[in-house]
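Chains, contacts and geometry: an overview
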Amino acid sequence: MKISTRGRYAIRVMLDLAEHNNGEYIPLMDIAERQEISEKYLESIVSVLSKNGLLMSLRGKGGGYRLAKSPEFYTIGMILHLTEGSLAPVACLENEQYVCPRVTKCKTVKMWKDFARTVNDFFDGITLADLLEEGFDGGDYVI
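The structure displayed is predicted, hence computed values, not measured ones. (Residues numbered from 1 in each chain as written. Predicted model: local features only at pLDDT ≥ 70, side-chain atom pairs only at ≥ 80, totals over all residues. Heavy atoms only, no water.)

Helix and strand counts for the protein stand at 6 helices and 2 strands. Element order for the protein, N to C, with α for helix and β for strand: α-α-α-β-β-α-α-α. Seen along its three principal axes, the alpha-carbon backbone of the protein occupies a region of about 60 × 35 × 25 Å. The contacts in the protein between residues at least 6 apart in sequence include a share of 64% that link residues at least 24 apart. By element, 51% of the accessible surface of the protein is carried by carbon and sulfur atoms, the whole surface being about 9200 Å². Across the protein, the centroid of the 17 positively charged side chains sits 12 Å from that of the 20 negatively charged ones. (Helix = DSSP H or I, 4+ residues; strand = E, 2+ residues; numbered from the N terminus. Contact = heavy atoms within 4.5 Å. Areas by Shrake-Rupley, 256 points an atom, 1.4 Å probe, with all protein chains shown as cover. Lys, Arg positive; Asp, Glu negative; His and termini not counted. Charge placed at Lys NZ, Arg CZ, Asp CG, Glu CD.)

What follows is the structure in structure tokens.
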């Protein structure tokens, strides 16, 4: 499994908005500048986040984006599922309606399900608030 730039940048946008939250809307240009990400690319990301209720947006003068809720209400899993879709490690687990014809004979399906559960539990267990905390020990990761 590999998280795309879309997923990683969505997390960075959400963190930026949480970190600079002063109750006002933050222009996308400011976020793009701080995060060193193309404003055009961020437009498509914030569009998905806004349409799904994670962000509030306002057009025009004084407009921009802000979190719809407090940082502790957003998990990294929530953000990644919106931007990446399934985090399933194998194709047979991507779609819950699909049942692989080999499932009764497959000796690896339990391993893949356990791995998928571990990944989802990991990302669902970390909030934006956790990442903003001083001293959060998430390891030496770069998002």
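The next subject is the pattern of salt bridges. On inspection of all chains with the given rule, the structure shows 3 salt bridges. The closest approach of N and O atoms between D114 and R117, which form a salt bridge, is 2.5 Å. Remark: R117 and D114 occur in helix α5 (residues 109-124); sequence separation between them is 3 residues, near one turn of the helix. Taking relative accessible area as the criterion, R117 reaches 47% and is therefore assigned partly exposed. What emerges from the salt-bridge pattern is a single network uniting K110, D114 and R117. (Salt bridge = Lys/Arg side-chain N within 4 Å of Asp/Glu carboxyl O. Buried < 20%, exposed > 50% of the residue type's maximum accessible area, 1.4 Å probe, protein only.)

Next up on the list: the packing of helix α1 (residues 5-19) against helix α3 (residues 39-51). At a closest axis distance of 10 Å, the pairing of α1 and α3 adopts a crossing angle of 75°. Taken together, α1 and α3 sit at an angle that is classed as roughly perpendicular. Here T5, R6, Y9, A10, V13 and M14 of α1 lie close against α3, whose contacting residues are Y41, L42, S44, I45, V46, V48 and L49. Of the residues assigned to the contact of α1 with α3, the class counts are 10 nonpolar, 2 polar and 1 charged. (Axes fitted to C-alpha atoms, helices over the stretch in contact; angles between N-to-C directions. Parallel < 35°, antiparallel > 145°, perpendicular 65-115°, else oblique. Nonpolar A, V, L, I, M, F, W, Y, C, P; charged D, E, K, R; others polar.)

With that settled, consider the confidence of the model for the protein. In the predicted model, the protein carries a mean pLDDT of 90, and the fraction of residues at 70 or more is 93%. α5 is the least confidently modelled element of the protein, averaging 93 in pLDDT, while α1 averages 97, the highest of any element. (pLDDT = per-residue confidence, 0-100.)

Turning next to the environment of L80. Among the secondary structure elements, L80 is positioned in helix α4 (residues 76-84). C-alpha separation for the pair L80 and G7, spaced 73 residues apart in sequence, amounts to 5.4 Å. Leaving out residues up to four positions away in the same chain, L80 has contacts with I3, G7, I11, G85, L87 and F123.

Before going further, it helps to examine the environment of N21. Of note, N21 is situated in the loop between α1 and α2 (28-35). N21 sits in the partly exposed class, given a relative accessible area of 47%. Separated by 50 residues in sequence, N21 and P71 place their C-alpha atoms 9.6 Å apart. Within the structure, N21 has its side chain in polar contact with the backbone nitrogen of G23 (distance 3.0 Å). (Polar contact = N/O pair within 3.5 Å; in protein donor to acceptor, adjacent residues only side chain to side chain.)

Along the polypeptide, R12 turns up in helix α1. Buried charge R12 goes without a salt bridge, the closest partner of opposite sign being E36 at 5.8 Å. For R12, the side chain forms a polar contact with the main-chain oxygen of Q35, separated by 2.3 Å.

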